[in-house]
Amino acid sequence: MDDATQCLLDGLTEFEAVGALATWSGADFPCCGGTELGGKLLESGGFRLTAAVTLVIRLSLFDGGASPQEKQRIVYTSVPGATARALRIDTRTIFRNALLILECNDPAQGL
């Protein structure tokens, strides 16, 4: 693993100490969550939800097995004691073969 990737993983490990969790397939995974956006946007035809969250999870936590895929559901808890929030994975990106980046939206939002 190169130095840049190791630096990213070290930083992510520090952010995981905040206690954010992504629950997928019955298991909890420490993660780093981005800003939780929410609200409605007026477009032609009415309002649409604009809720969005980006989650980053160390790929090594999945032990080479299955990991979350696009259109699946994941539950995100931003800090210990916060209300868990169900999300739909819209985009899945593997970065440097070490990080899993999930761009998620509210499941009630249209595809």
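Scroll up for the structure.
Residues numbered from 1 in each chain as written. Predicted model: local features only at pLDDT ≥ 70, side-chain atom pairs only at ≥ 80, totals over all residues. Heavy atoms only, no water.

A. Local environment of the pattern of salt bridges. Applying the stated rule across the entire model yields four salt bridges. Residue Glu16 is joined to Arg58 by a salt bridge in which the shortest nitrogen-to-oxygen separation is 2.9 Å. Placement of the pair is Glu16 in helix H1 (residues 3–16) and Arg58 in strand S6 (residues 52–58), with a sequence separation of 42 residues. No difference in accessibility class separates Glu16 from Arg58, as the two residues are buried. Ionic pairing is found between Asp90 and Arg88, a salt bridge with its closest N-O pair at 2.9 Å. (Salt bridge = Lys/Arg side-chain N within 4 Å of Asp/Glu carboxyl O. Helix = DSSP H or I, 4+ residues; strand = E, 2+ residues; numbered from the N terminus. Buried < 20%, exposed > 50% of the residue type's maximum accessible area, 1.4 Å probe, protein only.)

B. Layout of the environment of Pro68. Topologically, Pro68 is positioned in the loop between S6 and strand S7 (73–77). Overall, Pro68 belongs to the buried group, its relative accessible area being 1%. Each C-alpha atom of the pair Pro68 and Trp24 lies 7.1 Å from the other, and the pair is 44 residues apart in sequence. When residues no more than four places from it in sequence are discounted, the contact partners of Pro68 are Trp24, Phe62, Ile74, Ile89, Arg92, Leu100 and Leu102. (Contact = heavy atoms within 4.5 Å.)

All quantities given are derived from atomic positions and should not be read as evidence of function.
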